[in-house]
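Descriptive analysis of the structure
Here is what each chain is made of, one letter per residue.
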Amino acid sequence: LFAALTPQAPDPLLSLIALYREDARPEKIDLGVGVYRDEAGHTPIMRAMKAAERKLVDEQPTKSYLGPEGDVGFVALSARLAMGPQAEGLIGVQTPGGTGALRLAAALVQSARPGGTVWLGAPSWPIHAPIFESAGLKVCSYRHYDPATGALAFEDILEALGQASAGDVFLIHGCCHNPSGADPDAGQWAEIARLTAERGVVPLIDLAYQGLGEGLDEDAAGARLVVAAVDEALVAYSCDKNFGLYRERTGALFVKAAGSIDATRSNLHALARYMWSMPPDHGAAAARIILETPALAADWRMELDTVRERLNAVRQALAAAHPRLAPLGGQKGMFSLLPLTPDQVIAIRKDHAVYMAGSGRINIAGLTLESVPRFVQAFDAVLSN
Ligand code: LMR
């Protein structure tokens, strides 16, 4: 049986983690996988999370099974966090991280419309296309980002929306675009919402960085506008970054299902049951404790503010330090794409111990105000070689 398999290349982003670990150079800089790091290069467990975990350990009465929808309190509170008052009308299911939410969304679309089409802007998170394709869906690509300006390729997005057929799924990064950091502005969101509704396209919003761009509500404003404009929508939500829960795999899928609420909910539950039965509990239970405890929620918001402020300070320092980095100043969140060729990405790793994805994507959180000058020097050196 297994002789029929062809070997798969290891995930390049995850492989970088091991490469970086093995590099003995003390000045090395890790701008690879998307995890937040503080000034000391550490990925902390947030204060409120530690407190919620303690409470969970002390007070959780049982580890017995929940249903395929997971922790319903977490689902309701995270829906409210993501979608504001619109959360009321949404079906919610807890998922193993944002990836699980995307996988469940793909399975739901495949059940509703086998072989259906998902429109995906390029570049995107490299795992998006394989998630949809492995569910049996067709991926149509369009240009999301213009490397010449470092901004959104907005005309291309409108053109793709104009070409999409009713019932096609259109993936939209809710905020802090991965990998480019290029997000729509308020006017562009309004235009996307209008056209999405006009075309009968079903938006699938990947909201994985809420709170890391401009603020919790600010970062969700575009997604809320789009969801409000249409009858059917999907929102894949991740708590990896804003709750610092990464390995706990905590996320949710929210679905707006017009007149098909019961059928959609029962399909979501059935599909979740076939894929993972029920999602892992710990991270969601702890996030729920934070969101339902006003003092913990306030502390979590405060710590998230410092995370965002640090990212933005480093981003602005980078933008000011080199003319080729200037576009970064108008981008948002954890990532940006550098104007480097794949060979230059290898050169900056080999010659300067700076690690980044092959696309030239950097994780801004891997830098500090102190390390920015050394990084910019390395960037300039490989550019002029
Ligand atoms: C990233 O893009 O670095 C993160 O979303 C982590 C991942 O799973 O790829």
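Residues numbered from 1 in each chain as written. Predicted model: local features only at pLDDT ≥ 70, side-chain atom pairs only at ≥ 80, totals over all residues.

An unreviewed UniProt entry lists the chain under the name Aromatic-amino-acid transaminase, with Brevundimonas faecalis given as the organism. Regarding the chain, the relevant UniProt record gives this comment under Sequence similarities (unreviewed entry): "Belongs to the class-I pyridoxal-phosphate-dependent aminotransferase family." In its Cofactor (unreviewed entry) section, UniProt records this for the chain: "pyridoxal 5'-phosphate". (UniProt positions renumbered as here; feature names shortened; annotations may be inferred.)

Right, let's talk about the overall build of the chain for a bit. In terms of helices and strands, the chain carries 13 helices and 13 strands. Computed over the C-alpha atoms, the radius of gyration of the chain is 21 Å, within 12% of the 21 Å expected from 2.2 N^0.38 for a compact globule of 385 residues. Along the first, second and third principal axes, the C-alpha atoms of the chain reach 60 × 55 × 55 Å. For the chain, the residues scored as buried account for 48% of the 385 residues in total. A separation of at least 24 residues holds for 74% of the contacts in the chain among residues at least 6 apart in sequence. (Helix = DSSP H or I, 4+ residues; strand = E, 2+ residues; numbered from the N terminus. Rg over C-alpha atoms; globule rule 2.2 N^0.38 Å. Buried ≥ 20, exposed ≤ 12 C-beta atoms within 10 Å, placed from the backbone. Contact = placed C-beta atoms within 7 Å.)

What follows deals with the UniProt feature "domain: Aminotransferase class I/classII large" (unreviewed entry) in the chain. Mapped onto this numbering, the UniProt entry annotates "domain: Aminotransferase class I/classII large" (unreviewed entry) at residues 27–379. In residues 27–379, the share of helix is 45% and the share of strand is 16%. The end C-alpha atoms are 15 Å apart.

Moving on, we come to the site of the ligand. Surveying the vicinity of the ligand reveals the residues Leu 13, Val 33, Gly 34, Trp 125 and Asn 178. In terms of residue class, the shell around the ligand is made up of three nonpolar, two polar and no charged. (Near = placed C-beta within 6 Å. Nonpolar A, V, L, I, M, F, W, Y, C, P; charged D, E, K, R; others polar.)

Here the residue pair Ala 122 and Pro 123 is connected by a cis peptide bond, since its omega of 0° sits within 30 degrees of zero. Among the structural elements, Pro 123 can be located in the loop between strand 3 (117–122) and helix 5 (128–134). With an omega of 20°, the peptide bond between Asn 178 and Pro 179 qualifies as cis. Tracing the backbone shows Pro 179 in the loop between strand 7 (169–173) and helix 7 (186–199). Positive phi, normally seen in glycine, also occurs at Ala 353, with a value near 60°. Judged by local crowding, Ala 353 falls into the partly exposed class, with 18 C-beta atoms found within 10 Å.

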